[in-house]
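Coordinate analysis (summary)
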Amino acid sequence: MSEPHPPPYAPPHPPPYDRPVDRPVDPDDGWTRLDKRMLVIGPVRVLGQFAFPLLLGFIGIGTQMGPWALLFVPIAVVAACVLGAIPWLTTYYRQTATHFEVRRGLLNRTNQTAPLDRVRSVDQTASLLHRVLGVTKVEIGTGVDDSRITLDVVTAPEAHRLQVALLPRTAEGAGPAPTPAVGGGEAAADASPYPPEAVPGAPVGVPGPGAEQVLATLRWSWLRFAPLSLARLAIVAGAFGAGSQFFDDLPIFDTEHASALWDWLGRQFLPLLLLVVAVVLLVLWLVISLTGYVVQWAGFRLVREPGGRRPGDTSLHLRAGLLTTRSVTVEERRVRGVELVEPALMRFADGAELSTLATGVENGTTKVLPSCPLDVAVAVGHDVLGPDAAAAAPLTTPLVQHGPGARRRAHVRWQWSTLIFGTAALAALLVDGTPGWAPVPVVVFFAVLGVAGAESSYRNLGHALTTLDGRPRHLVAGSGAFARTRTVLEAEGVIGWVVEQSFFQRRTGLADLVATTAAGGESVRVRDVDLGVGLRLADAATPGLLTPFRAAPARAT
Amino acid sequence: MSTPTSPPRQDPPADPTPVALRLPAHQVSPRARGYWRLTAALATSLPVIGLAVAWVLWGERPWWFTLLLVASVVVLLVEVVVMPPLRYRIHRWEVTGDAVHTRSGWLSIDERVAPLSRVQTVDSSQGPIQRMFRLRSLTVTTASAAGPISIECLDEQLARELVADLTAITSATRDDAT
């Protein structure tokens, strides 16, 4: 789509589409450019994107041309500046009475339009570079999947103006009057580039006009959970894997040096060596995990503030990050549930993580708490679910277990890996030189792992339905193997049911009951539940929906 | 696999207040059997033919290759002979004043229920082979990506009428539907 002509429809004002891009935009049209600092961020970003291929290119050219290769450095920089300036030259945005519009692109002209009443979130992200320059990135979500409108570089006051204008706060009107934060005793407020406009520690309870209610702020004691988060370990391992390719090229990391080093080390005391390696790895892990936690969550603050389309609406507002600060807003009216995860190791230290399941937000699962103590996560979860949720206590209510059939199925599912790896080990016997006992440890390892995993996943499996005043409130589903997950979905958020029975489930009378929803992951699965129990749960959660399809109660086998 | 004479649903075990769903009222078009038979034959016969050609050309074939060919022929027979009537018996649908209920599958069985008040779109589609059999599929979507309900292989005419009915019902209730 690279036609340079104006689009076929005719807007009321003469559109600036066919205007030379270097001429100043007529402010009467309301079109605004991004901030000039985009001219710094754009080239830096282009250089960043192409850093790796450029580096390889320089090395390649350098080996052939020697120092002359340095001539290419200014060329690359100029090219980056030109390429990086294009977004600033070609991006305009404006707000009309009904729409927010962005147009961008030099060859591929795109024009994004969001009806104002569809704007559901205005989020700010500021990378370190953004913060040094005093600007921020604004992302406008319209609830349609994958179509966030991104304004790369706008000034902080402009970002605030957009936030206020696009998400009108019914309580304080459209007056963009940011009052500076007072004190803010937490380390929380310090790391935030654009402090909240209300006083931290505002009266707790129903937020009044302009007030915000602090739901959670970072406690430094929560750092103890950082080393227990294995998700970060996976990321670090991946980074090491990628980085190791670099080391191969360095002269001191070749095999000759390595084996010489190894021989020398081998002459030393081996157990001591292993101990030292273990300690070094452990310390390294501690440093990496703690740093990662601090970088991601420093200044974390979760507040409830008035704001939304209707009077009395509130939004959850999350702000965190040491270098890149993120600012995420979730309209509470759209929150249909929460998900509480107790990851494998963190469980033993009573740690947990919490996400909200909301509708109309891209990727409707939003992590609203860092790794934190379970009771904090539970309290915030109940708070987010609404004023009456604490009474129903969906996050602490005991779950109904699914019985021996479900346990058997868990064991069968977990022993597949034993079968596969056991077969592979047996096949390895065909290769000469493999000792005959080789399959035994493999099978034992996977069998034991399978038993542990199955038992653990069976213990985590379960369901519950909370009721208040005889009305169903929350559907609760427990899942997870080594991590324990509890998904809570408000009964009103259920927009349909699926009963899935595989061939083997039909033989044992079990079924997967899936509540479909527009929130979060779009479905909540109650796995391997007895069919009758599952249908009763569904019937109780959505009274009346299944009634026309109910069978007569007495049916002989 | 359930034998043809057994009831299609297992009854729940003893339970204080048993809840069971009855079968949806309607079956799909009987021509669906022919459609499923043809599409299954088309899809499954390709690998069978490939294997058979290889079996003939490969002079000293190992024993497991013969086994593979036999197994693929068995799969083809099951898909063509056993699956269509079984699937025809299992596929059922019903639309009441306020909900859609469908049942589909043959080895695994899915049952889906969605209230019409949450329905967002009503689509129908017809592939070239379906057109040969004068069949049409209907899909009802809700705001959940996990929740589209399709009724496969309805009679063409019936599908059109059903789309019109459903559209009329759902357009009467216009809310966010989330």
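For chain A, the count of helices and strands is 15 helices and 21 strands. Residues counted as buried form 45% of the 557 residues belonging to chain A. Contacts in chain A between residues far apart in sequence, at least 24 positions, make up 56% of those at least 6 positions apart.

It is worth spelling out the packing of helix 11 (residues 403–414) of chain A against helix 13 (residues 439–460) of chain A at this point. Residue and element names in this part refer to chain A. The geometry of helix 11 relative to helix 13 is characterised by a closest axis approach of 8 Å and an angle of 145° between their N-to-C directions. Between helix 11 and helix 13 lies a crossing whose hand is right-handed. The segment helix 11 lies against helix 13, with Gly403, Pro404, Ala406, Arg407, Ala410, His411 and Trp414 engaging Leu449, Gly450, Val451, Gly453, Ala454, Glu455, Ser457 and Tyr458. Broken down by class, the residue content of the contact of helix 11 with helix 13 amounts to eight nonpolar, five polar and two charged.

Residues and elements named next belong to chain A. Taking strand neighbours across the sheet as the criterion, the four strands line up as 1-2-3-4 in an open arrangement whose pairing is antiparallel. Strands with a single pairing partner mark the edges of an open sheet, and in this sheet they are strand 1 (32–33) and strand 4 (110–115). Helix 4 (residues 156–166) contacts strand 2 (92–95) and strand 3 (99–104) of the sheet and is inclined by roughly 40° relative to strand 2.

Moving on, we come to the pairing of strand 13 (residues 351–358) of chain A. Residues and elements named next belong to chain A. Within strand 13, eight of the eight residues are buried, leaving the element largely enclosed by the surrounding structure. Burial along strand 13 is two-sided: Gly351, Glu353, Ser355 and Leu357 facing one way and Ala352, Leu354, Thr356 and Ala358 facing the other are all buried. Where strand 12 (residues 335–342) lies against strand 13, six bridges are found, and the strand directions are antiparallel. From the neighbouring strand, Val335 faces strand 13, where its bridge partner is Ala358. With two bridges joining them, strand 13 and strand 15 (residues 372–373) adopt antiparallel strand pairing. For Ala352, the partnering residue across the bridge sits in strand 15 and is Cys372. Where strand 13 meets strand 14 (residues 365–367), three bridges bridge the pair, whose relative direction is antiparallel. Each bridged residue has a counterpart across the sheet, and for Thr356 the counterpart in strand 14 is Thr366.

Looking now at the side chain of Thr356 of chain A. Residue and element names in this part refer to chain A. Inspection of the secondary structure puts Thr356 in strand 13. Taking relative accessible area as the criterion, Thr356 reaches 0% and is therefore assigned buried. Discounting chain neighbours no more than four positions away, the residues touching Thr356 are Leu316, Val335, Gly337, Val338, Gly364, Thr365, Thr366, Val368 and Val384.

Before going further, it helps to spend a moment on the pattern of salt bridges. Oppositely charged side chains are able to pair whenever their charged atoms sit close together. All names here are of chain A. Using the criterion set out here, one finds 20 salt bridges over all chains in the structure. Residues Arg304 and Asp383 are paired through a salt bridge, measuring 3.1 Å at the closest nitrogen-oxygen approach. Separated by 79 residues along the polypeptide, Arg304 in strand 9 (residues 301–306) and Asp383 in helix 9 (residues 374–385) bring together distant segments of the chain. What makes Asp383 partly exposed here is its relative accessible area of 27%. The partner of Glu492 in a salt bridge is Arg473, with the nearest N and O atoms 3.9 Å apart. With Glu492 in the loop between strand 18 (484–490) and strand 19 (494–501) and Arg473 in strand 17 (residues 471–479), this residue pair connects regions lying 19 residues apart in the sequence. For Arg473, a relative accessible area of 6% translates into the label buried. Residues joined by salt bridges that share partners form a network here, namely Arg304, Glu332 and Asp383.

The next subject is the packing of aromatic side chains. Residue and element names in this part refer to chain A. All chains considered together, the criterion is met by nine aromatic pairs over all chains. On the basis of an interplanar angle of 5° and a centroid distance of 4.3 Å, the ring pair of Phe421 and Phe446 is categorised as stacked. Here Phe421, found in helix 12 (residues 416–428), pairs with Phe446, found in helix 13; they are 25 residues apart in sequence, far enough to count as distant. Given the relative accessible area of 42%, Phe421 is considered partly exposed.

Turning our eyes to something else, we now look at the sheet that holds strand 7 (residues 149–155) of chain B. Residues and elements named next belong to chain B. Ordered by their spatial adjacency, three strands build an open sheet running 5-6-7, and the pairing between neighbours is antiparallel. The open sheet terminates on both sides in strands that have one partner only, identified here as strand 5 (119–125) and strand 7. Direction aside, the axes of adjacent strands within the sheet are offset by 20° on average. On the sheet, helix 1 (residues 31–57) packs against strand 6 (135–142) and strand 7 and is oriented at approximately 110° with respect to strand 7.

With that settled, the discussion passes to helix 4 of chain A. Most of helix 4 of chain A sits out of view: eight of its 11 residues are buried. Those residues of helix 4 of chain A that fall on the buried side of the exposure criterion are Ala156, Glu158, Ala159, His160, Leu162, Gln163, Val164 and Leu166 of chain A.

Let's shift gears to the confidence of the model for chain B. Per-residue confidence for chain B averages 80 on the pLDDT scale, and 86% of its residues sit at or above 70. In the model of chain B, strand 5 of chain B stands out as the element of lowest mean pLDDT, 81, in contrast to strand 2 (residues 92–95) of chain B, which has the highest, 90.

The biggest cluster of nonpolar side chains holds 35 residues, and the ones touching the most others in it are Phe300, Leu302, Leu318, Leu354 and Leu369 of chain A. Elements supplying a minimum of two residues to this core: strand 8 (213–217), helix 8 (270–297), strand 10 (314–320), strand 11 (325–331), strand 12, strand 13 and helix 9 of chain A. By residue number, the principal contributor to this core is helix 9 of chain A, which donates five residues. Among residues more than four places away in sequence, those in contact with Leu354 of chain A are Val338, Glu339, Leu340, Thr366, Lys367, Val368, Leu369, Ala377, Val380 and Gly381 of chain A. Counting residues in each nonpolar core, the second largest holds 29 residues, with Val28, Tyr35, Ala159 and Val163 of chain B among its members.

Calculation criteria
Residues numbered from 1 in each chain as written. Chains lettered and ligands numbered in written order. Predicted model: local features only at pLDDT ≥ 70, side-chain atom pairs only at ≥ 80, totals over all residues. Heavy atoms only, no water. Helix = DSSP H or I, 4+ residues; strand = E, 2+ residues; numbered from the N terminus. Buried < 20%, exposed > 50% of the residue type's maximum accessible area, 1.4 Å probe, protein only. Contact = heavy atoms within 4.5 Å. Axes fitted to C-alpha atoms, helices over the stretch in contact; angles between N-to-C directions. Left-handed = near helix turned anticlockwise from the far one by under 90°. Nonpolar A, V, L, I, M, F, W, Y, C, P; charged D, E, K, R; others polar. Pairing = 2+ DSSP bridges. Salt bridge = Lys/Arg side-chain N within 4 Å of Asp/Glu carboxyl O. Phe/Tyr/Trp six-rings, centres within 6.5 Å; stacked < 30°, edge-to-face > 60°. pLDDT = per-residue confidence, 0-100. Core = buried A, V, L, I, M, F, W, Y, C linked by side-chain atoms within 4.5 Å.

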